[in-house]
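If you want the building blocks of each chain, they are given just below.
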Amino acid sequence: MLTGKTALVTGSTSGIGLGIAQVLARQGARLVLNGFGDAEAARKAVAEAGGHAVSEVLHHPADMSRPGDIADMMDFAAREAGRVDILVNNAGIQHVAAVEDFPVEKWDAIIAINLSSAFHTTRLALPAMRAADWGRIVNIASTHGLVASALKSAYVTAKHGLVGLTKTVALETATTGVTCNAICPGWVLTPLVQQQIDARAAKGVPKEQAERDLLGEKQPSLQFTTPEQLGELAAFLCSPAGINVRGVAWQVDGGWTAQ
Ligand code: NAD
């Protein structure tokens, strides 16, 4: 159980981040949410999952591409919730284009949001975690932190970088009660992936076939992973049994990287 712990999950108004926040709330953690869109709906969903009052679930609207916003968010979490015990670096975006056509501003945004934000949250969360000799950092990388796909240069670069950051932080904290690990999901049916299915469907492929094709090309189980399944893995990494799991990049990819 995570009663008495505070968890900050970046990008938790939607998809995987919201699912992880709900599982951590169910385990008793107090949540600080972050992300764009309908923050009130996310706070309500997390409160319901944890049996908490909505007022107990906090949200900070920091833009993860801006180091100044990230510092404000970390100050807010320390001020309102005491400190961050569990940090889940999850916010992420995608853009698909050939490298020679890749818009420079999209490259910069993906590196900032999917990679550099985790450096900033980690460097700001670590001092209090070290002082308490307890902390859990869970980075939501991707199968694309381990292998590449064409047309995703910025995303693959950022996610490989996030796996590298995970290993480095795990080594720097190896003798402490702070652990740092990455989770590497394959396909999870969230708005981020729905966009890619819709792009296929827009070319005239029926939606169900677009989903089947997307899975069939990469994910041998032919099943999507759910945000809740990823939340349960994050909860395990936060549990006492996870104390000596350090610096892993744990695939939840239906066999994608086993091929
Ligand atoms: P999603 O689009 O459903 O959610 C993304 C979240 O990040 C939202 O809450 C959004 O508001 C937030 N966000 C986006 N830009 C932000 C910014 N600049 N500042 C703050 N918040 C921002 O996506 P998802 O599929 O749930 O993806 C979550 C993470 O999981 C991402 O890092 C993604 O790369 C990773 N991932 C997703 C899949 C998948 O199949 N969906 C697979 C592997 C890894």
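Note that this is a predicted model, so its numbers are computed, not measured. (Residues numbered from 1 in each chain as written. Predicted model: local features only at pLDDT ≥ 70, side-chain atom pairs only at ≥ 80, totals over all residues. Heavy atoms only, no water.)

### Some words on the site of the ligand
Thinking step 1. Around the ligand sit 30 residues in total, of which Ser14, Asn90, Tyr155, Val188 and Thr190 are the nearest.
Thinking step 2. Between Thr13 and the ligand, the recorded distance is 2.7 Å, taken from a side-chain N or O atom to an oxygen atom.
Thinking step 3. The separation between a nitrogen atom of the ligand and a polar side-chain atom of Asp63 is 2.9 Å.
Thinking step 4. Looking at the shell around the ligand, the elements with two or more residues in it are helix 1 (15-26), helix 5 (153-172) and helix 6 (191-201).
Thinking step 5. Across the shell around the ligand, the residue classes break down as 16 nonpolar, 12 polar and two charged.
Thinking step 6. Looking at which domains feed residues into the shell around the ligand, each of domain 1 (6-186 + 225-253) and domain 2 (189-223) gives three or more. (Near = heavy atom within 4 Å. Polar contact = N/O pair within 3.5 Å; in protein donor to acceptor, adjacent residues only side chain to side chain. Helix = DSSP H or I, 4+ residues; strand = E, 2+ residues; numbered from the N terminus. Nonpolar A, V, L, I, M, F, W, Y, C, P; charged D, E, K, R; others polar. Domains from an automatic or database assignment.)

### Brief notes about the nonpolar core
Across soluble globular proteins, you tend to see nonpolar side chains buried next to one another.
Thinking step 1. Membership of the largest hydrophobic core comes to 32 residues, with the highest contact counts inside it found for Leu24, Leu31, Val46, Ile86, Val88 and Ile183.
Thinking step 2. Mapped onto this core, the elements with two or more residues apiece are strand 1 (6-9), helix 1, strand 2 (30-34), helix 2 (39-50), strand 4 (86-89), strand 5 (135-140) and helix 8 (227-238).
Thinking step 3. Apart from the residues lying within four places of it in its own chain, the contact partners of Val88 are Leu8, Val9, Thr10, Ile20, Leu24, Val138 and Ile140.
Thinking step 4. The next biggest cluster of nonpolar side chains, apart from the first, holds 30 residues, and it includes Ala62, Val169, Cys180 and Ala182. (Core = buried A, V, L, I, M, F, W, Y, C linked by side-chain atoms within 4.5 Å. Buried < 20%, exposed > 50% of the residue type's maximum accessible area, 1.4 Å probe, protein only. Contact = heavy atoms within 4.5 Å.)

### Quick notes on the packing of helix 1 against helix 2
Thinking step 1. Where helix 1 contacts helix 2, the axes come no closer than 7 Å and their chain directions differ by 35°. Crossing geometry of helix 1 relative to helix 2 is assigned as right-handed. On helix 2, the residues that touch Leu18, Ala21, Gln22, Ala25 and Arg26 of helix 1 are Ala42, Ala45, Val46, Ala49 and Gly50.
Thinking step 2. Split into classes, the residues belonging to the contact of helix 1 with helix 2 amount to seven nonpolar, two polar and one charged. (Axes fitted to C-alpha atoms, helices over the stretch in contact; angles between N-to-C directions. Left-handed = near helix turned anticlockwise from the far one by under 90°.)

### A look at the packing of aromatic side chains
Each pair of aromatic rings is reported with the distance of its centres and the angle of its planes.
Thinking step 1. According to the stated counting rule, one finds three aromatic pairs in the structure shown.
Thinking step 2. With 5.5 Å between their ring centres and 40° between their planes, Trp187 and Trp256 make a pair best called tilted. One end of the pair, Trp187, is in the loop between strand 6 (178-185) and helix 6; the other, Trp256, is in the segment after strand 7 (249-252), with 69 residues separating them in the sequence.
Thinking step 3. Residue Trp187 is classed as buried on the basis of its relative accessible area of 7%. (Phe/Tyr/Trp six-rings, centres within 6.5 Å; stacked < 30°, edge-to-face > 60°.)

### A few points about the pattern of salt bridges
Thinking step 1. All told, the structure shown has nine salt bridges when counted by the stated rule.
Thinking step 2. With a shortest N-O distance of 3.4 Å, Glu232 and Arg26 are connected by a salt bridge. Residue Glu232 is found in helix 8, and its partner Arg26 is found in helix 1; the two are separated by 206 residues along the sequence.
Thinking step 3. By relative accessible area, Glu232 is classed as partly exposed at 37%.
Thinking step 4. A residue is classified by how much of its surface remains accessible, and Arg26, at 43% relative accessible area, is partly exposed.
Thinking step 5. The salt bridge involving Glu211 is made with Lys207; its shortest N-O contact spans 3.3 Å. Of this pair, Glu211 and Lys207 both sit in helix 7 (residues 207-218), four residues apart, roughly one helical turn. (Salt bridge = Lys/Arg side-chain N within 4 Å of Asp/Glu carboxyl O.)

### With respect to helix 7
Thinking step 1. When the terminal C-alpha atoms of helix 7 are compared, their 17 Å separation across 12 residues agrees well with the 16 Å that a helix rising 1.5 Å per residue should span.
Thinking step 2. Inspection of helix 7 places Ala210, Glu211, Leu214 and Leu215 among the buried residues, and these make up the whole buried set. Looking down the long axis of helix 7, one finds its buried residues gathered within 125° of arc, a one-sided arrangement. Turned more than 90 degrees away from the buried face of helix 7, the exposed residues are Glu208, Arg212 and Glu217. (Expected span 1.5 Å × (residues − 1). Arc of directions from axis to C-beta.)

Limitation: the analysis is restricted to geometry and does not speak to function.
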